[in-house]
Amino acid sequence: MNGTVSASGKAILLGEHAVVYGRPALAIPLPQLRAVADFRQTRQALTVYAADLSHRPWQWKSDAAASPDPLVRMTALTLAHLGICAPTGEIKIRSAIPIASGLGSGAAVSAALGRGIAALCRATLANDALNVLVYEVEKLHHGRPSGIDNATVVYEQPVCFQRGQPRRAVKPTRRLDFLLADSGVPALTRESVAAVHQLLRKEPARANSLFDRIADGVVAAQARLASGDERRLGELMTANHEHLRELGVSSPLLDALVSAALQAGASGAKLSGGGRGGHIIALVEPATASAVKKALQSAGAIRVLAASLGG
């Protein structure tokens, strides 16, 4: 039995960091960026290859269940959920999602791997169950994950996410175009989340005030995303970036990329994800996309990816 399954990347439009502390956040899938699992039935014990992730091939052993390696952990969790002890076959993971960039690479790889294992074992793995499994692996990547990455990646739809609340899907009524500019600096989400936690401990009133302002922007942006109000959505994205700067998770390079995008005609721009590195996301129109892309490259982006939603 041979086949291919996949999962998309994601970008946070508004709400990162505040979402860890119970506020809402708005995220979108990036269907053009995918992690893929090619699976093939063999008679050998399950073997996973992930050369794109600089990961050496490894073969499943039941005593690997407690491993801190994300791929091994996802395999163990999936097999335990499916009730399978001795799987056979091979899975090759490949991914077009930049690693450590705030675009959901870890969650997408976990989701694709889980789907690949289930398909290889001819088993059913519903999205609700997969979402729970991927969240457990996200703890290895982020320490204190909010759950927004796995929710957006697994269900592959724009989502307004708030911890402890039902997931709310958002459906844009018109096409929206984005550019994602890679700063070339690894974004270690665990570290930036820890830094924000330290700020909250030292200055709780200031931190909570920023979280509340971020939350207000998310609530307003949810309606603007659904209606396709590009101008107002862009303004809210840019305001969110300023709040993230105050939280201390931006950087001179990310600020320069945001500024370059806005000056070139983007409707809005902000860092996306943990910050301090990784990507910024800019909302553009077809008429401005080319100019914004050139401006981002001139400002230091090592690559600029295009994504669209709706339409």
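Residues numbered from 1 in each chain as written. Predicted model: local features only at pLDDT ≥ 70, side-chain atom pairs only at ≥ 80, totals over all residues. Heavy atoms only, no water.

Some remarks on the pattern of salt bridges
As enumerated under the stated definition, the model contains 16 salt bridges in all. Through salt bridges with shared partners, a single ionic network connects R231, R232 and E235. (Salt bridge = Lys/Arg side-chain N within 4 Å of Asp/Glu carboxyl O.)

Regarding the sheet that holds strand β11 (residues 303–309)
Sheets are built from strands paired through backbone hydrogen bonds, the pairs being either parallel or antiparallel. The strand order across the open sheet built from four strands is β9-β10-β8-β11, with neighbouring strands paired in antiparallel fashion. Each edge of the open sheet is held by one strand with a lone partner, namely β9 (268–272) and β11. On average, each strand axis in the sheet is inclined to that of its neighbour by 25 degrees, with strand direction left out of account. Bridge count between strand β8 (residues 176–182) and strand β10 (residues 279–284): six bridges; the pairing is antiparallel. Bridged to D177 within β10 is V284. Where helix α9 (residues 286–298) meets the sheet, its contacts fall on β8, β10 and β11, and the angle it forms with β8 comes to roughly 5 degrees. (Pairing = 2+ DSSP bridges. Helix = DSSP H or I, 4+ residues; strand = E, 2+ residues; numbered from the N terminus. Axes fitted to C-alpha atoms, helices over the stretch in contact; angles between N-to-C directions. Contact = heavy atoms within 4.5 Å.)

Considerations on helix α4 (residues 148–155)
Along α4, eight of the eight residues are buried, which leaves the element largely enclosed by surrounding structure. Three or more residues of α4 are buried, namely I148, D149, N150, A151, T152, V153, V154 and Y155. (Buried < 20%, exposed > 50% of the residue type's maximum accessible area, 1.4 Å probe, protein only.)

Notes on the confidence of the model for the protein
Confidence along the protein averages 92 in pLDDT terms, with 99% of residues attaining 70 or more. Least confident of the elements in the protein is strand β4 (residues 55–59), whose mean pLDDT is 87; most confident is helix α8 (residues 252–263), at 98. (pLDDT = per-residue confidence, 0-100.)

Comments concerning the packing of aromatic side chains
A complete count under the given rule lists one aromatic pair for this structure. Ring plane angle 10 degrees and centroid distance 5.0 Å describe the contact between Y21 and F211, whose orientation is recorded as stacked. Within this pair, whereas Y21 is found in the loop between β1 (2–14) and β2 (25–45), its partner F211 is found in helix α6 (residues 204–227), the two being separated by 190 residues in sequence. Y21 sits in the buried class, given a relative accessible area of 17%. For F211, a relative accessible area of 0% translates into the label buried. (Phe/Tyr/Trp six-rings, centres within 6.5 Å; stacked < 30°, edge-to-face > 60°.)

Quick look at the state of the cysteines
This model, assessed by the stated rule, comprises zero disulfides. For C85, which is in no disulfide, the shortest distance to another cysteine sulfur is to C121 and amounts to 11 Å. What makes C85 exposed here is its relative accessible area of 67%. The exposure class of C121 is partly exposed, given its relative accessible area of 23%. (Disulfide = S-S within 2.5 Å.)

A short note on α8
Its 12 residues give α8 an end-to-end C-alpha distance of 16 Å, which sits within 8% of 16 Å, the value for a rise of 1.5 Å per residue. By the burial criterion, the buried members of α8 are L254, L257, V258, A260 and A261. Along α8, the residues classed as buried sweep out an arc of 160 degrees about the axis, all on the same side. Relative to its buried face, α8 has exposed residues pointing more than 90 degrees away, namely P252 and Q263. (Expected span 1.5 Å × (residues − 1). Arc of directions from axis to C-beta.)

Thoughts on the pairing of β4
Inspection of the sheet shows strand β3 (residues 47–50) paired to β4 by three bridges, in the antiparallel sense. When the bridges of β4 are listed, V48 appears paired with W58.

Some details on the pairing of β9
Here β9 lies mainly inside the structure; five of its five residues are buried. When β9 meets β10, the two strands line up antiparallel, connected through five bridges. When the bridges of β10 are listed, S272 appears paired with H279. Count of turn residues in the β9/β10 antiparallel hairpin: six residues, of which G273 carries a positive phi of about 110 degrees.

Some details on the side chain of S272
Of note, S272 is situated in strand β9. The exposure class assigned to S272 is buried, which follows from its relative accessible area of 1%. Of the polar contacts made by the side chain of S272, one reaches the backbone oxygen of I12; its length is 3.0 Å. Setting aside residues no more than four positions away along its own chain, S272 makes contact with A11, I12, E16, S101, G102, H279, I280 and I281. (Polar contact = N/O pair within 3.5 Å; in protein donor to acceptor, adjacent residues only side chain to side chain.)

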